[in-house]
Amino acid sequence: MARLLLSRVAMLLVAAAAAAAEAVGSAAPSGSRELGGGLSRDDFPGGFVFGAGTSAYQWEGAAAEDGRPPSVWDTFAHAAGHHTGDGDVAANGYHKYKEDVKLMKETGLDAFRFSISWPRLIPNGRGEVNPKGLEYYNNLINELLNHGIEPHATLFQYDLPQALEDEYNGWLSPQIIDDFTAYSDVCFREFGDRVTNWTTLNEPNAAALLGYDVGFAPPVRCSEPFGNCPNGNSVTEPYIEKQHGVIGMNIFVYDFIPLTNSTEDTTATERAKAFCTGWFLDPLYHGDYPDIMKKNAGSKLPKFSNNQSEILVNSVDFLGVNYYSIMYVKDDPQAASSNERDFLADISAKTIYMNNSTVQYHVPPYGLQGVLEYFKQYYGNPPIYIHENGYPRNQDVVFDDGPRVDFLSEHLTSLANSARNGSNTKGYFVWSLMDLYELLGGSTYGLYYVDFADKELKRYPRRSAIWYADFLKGRRAAMPGRSSDSSLPVSSV
């Protein structure tokens, strides 16, 4: 079991702005190449872990069963004006975990990434452990191990107990330190004999922006003109941080690329990296925030004591990365002119997503390689797990998700190139194993289609599930758009 050290729950990220603009061409990073003869897992280092993932609120359902009270996401999903549904039933993993583990086995997964629901395990956020919640996670972990699948557990993935939010504003209060530590200790004590891969926090950087700056996600805190929320302060709250024990930590990242070759856009890109990646990683690997952050954010940014800096450096055993896309960056000097700036204005840059394809959503695969090369060069090549990487499609695409097959094959090829070039990446998890309740609505990412209109929520393999199974089973014929005729079972009812 990796040692626990004090570290940070920094909250940030990334301007999810989108704007239509002229297409920008870009070459793949040097050293990349197509893998001849098709892609297979043999192109990766020995011991490399392949899996798929879900999260508790998106997969489990059973939101009000067996003693589970609301999380902040339950409250958000049921609030007036929220139109993307809720996770009351979700994919019903709470009741269907056994057949889902069978699907994982049939697919050939080495590992399964899931999160533990804090309110299901400790309903009041502190104190008494819920025996039904304890039984469920013990059963899930044992089922995985009995099928030869390695459990990778995340302690927090957006679903803070509502009781703690009501009592002291959750992550904004120092009181969260003791409660999160006690919750973590319960998990380590109860499950640590079988779970050896732990992530404490899932993309708290994105949670800061969405929940505390623009107010698009729980706990819906922001202030005008940056958002319209009943409570909050968009200028200061995204920067508030607390210290917590970690084993591994997860961040959401883009591969930031200058919109043009101008000095201004190039410098703006470095600012975007500093604010959206360096804010998280510089303290963990260098002991302090990036200089440009300290300059632009000023007194809003907390200061580390010398002792804290020493504790922070190399305090994580691995880094979890959620990566989906490239983002272009354009200098925006006007954003810095305001006397009262939020996190995004402090960056003084606009981030722009571009789709160069006129046919469908397309992500150039070299972005993943660019991110991993950046981590290698600037942070000493830490051990990395790609925790999330996937492709959105309309949920009503029952089988033929060919663009997802292309995306997975191209990004795994990019990952293999990175490994060949020395990246210390240890594993890759597709997001997601199956269709889930998507937190902010929109498309789904599942390898398996879930028939949400069927009361049994039956699962069916998509083309991408078949392709991934071929890849995991060493079939080198797995090429984009050329999935084999091998079959995977439909889940039982």
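Residues numbered from 1 in each chain as written. Predicted model: local features only at pLDDT ≥ 70, side-chain atom pairs only at ≥ 80, totals over all residues. Heavy atoms only, no water.

1. What to know about the pairing of strand β2 (residues 49-53)
Then step 1. The element β2 is extensively covered by neighbouring structure, given that five of its five residues are classed as buried.
Then step 2. Residues of β2 alternate between two faces, with Val-49, Gly-51 and Gly-53 on one and Phe-50 and Ala-52 on the opposite face, all of them buried.
Then step 3. Taken together, the five bridges between β2 and strand β11 (residues 425-431) define a ladder with parallel strand orientation. Each residue of the ladder has a partner; that of Gly-51, found in β11, is Phe-429. (Buried < 20%, exposed > 50% of the residue type's maximum accessible area, 1.4 Å probe, protein only. Helix = DSSP H or I, 4+ residues; strand = E, 2+ residues; numbered from the N terminus. Pairing = 2+ DSSP bridges.)

2. A word on unusual backbone geometry
Then step 1. The amide bond that connects Trp-431 to the next residue, Ser-432, takes the cis arrangement and shows omega of 5°.
Then step 2. Mapped onto the elements of the fold, Ser-432 is located in the loop between β11 and β12 (448-450).
Then step 3. The phi dihedral of Tyr-158 falls on the positive side, at around 80°, and the residue is not glycine.
Then step 4. Residue classification places Tyr-158 among the buried residues on the basis of a relative accessible area of 12%.
Then step 5. Phi angles above zero are rare outside glycine, and Ser-348 is one such case at about 55°.

3. Description of the packing of aromatic side chains
Then step 1. Following the criterion strictly, the structure yields 35 aromatic pairs and no others.
Then step 2. Their ring planes at 65° and their centres at 5.7 Å tell us that Tyr-324 and Tyr-445 sit as a pair that is edge-to-face. On the criterion of sequence distance, the pair formed by Tyr-324 in strand β8 (residues 318-331) and Tyr-445 in the loop between β11 and β12 is long-range, its members being 121 residues apart. Taken as a pair, Tyr-324 and Tyr-445 share a single burial class, namely buried. (Phe/Tyr/Trp six-rings, centres within 6.5 Å; stacked < 30°, edge-to-face > 60°.)

4. Quick word on the nonpolar core
It is characteristic of soluble globular proteins that their nonpolar side chains tend to be buried jointly.
Then step 1. The biggest cluster of nonpolar side chains holds 130 residues, and the ones touching the most others in it are Phe-375 and Tyr-468.
Then step 2. Counting residues in hydrophobic clusters, the runner-up holds five residues, among them Val-49, Ala-111, Phe-318 and Tyr-385. (Core = buried A, V, L, I, M, F, W, Y, C linked by side-chain atoms within 4.5 Å.)

5. Brief notes about the confidence of the model for the protein chain
Then step 1. Of all residues in the protein chain, 78% attain a pLDDT of 70 or more, and the chain-wide mean is 84.
Then step 2. The model gives residues 1-36 a pLDDT under 50, and that stretch makes 130 contacts with residues more than four places away or in other chains.
Then step 3. Across residues 242-246, where pLDDT falls below 50, the model places 34 contacts with residues more than four positions away in sequence or in other chains. (pLDDT = per-residue confidence, 0-100. Contact = heavy atoms within 4.5 Å.)

6. A word on the side chain of Ser-423
Then step 1. Within the secondary structure layout, Ser-423 lies in the loop between α14 (402-420) and β11.
Then step 2. Excluding residues within four positions of it along the chain, Ser-423 makes contact with Leu-372, Lys-376, Asn-381 and Ser-418.

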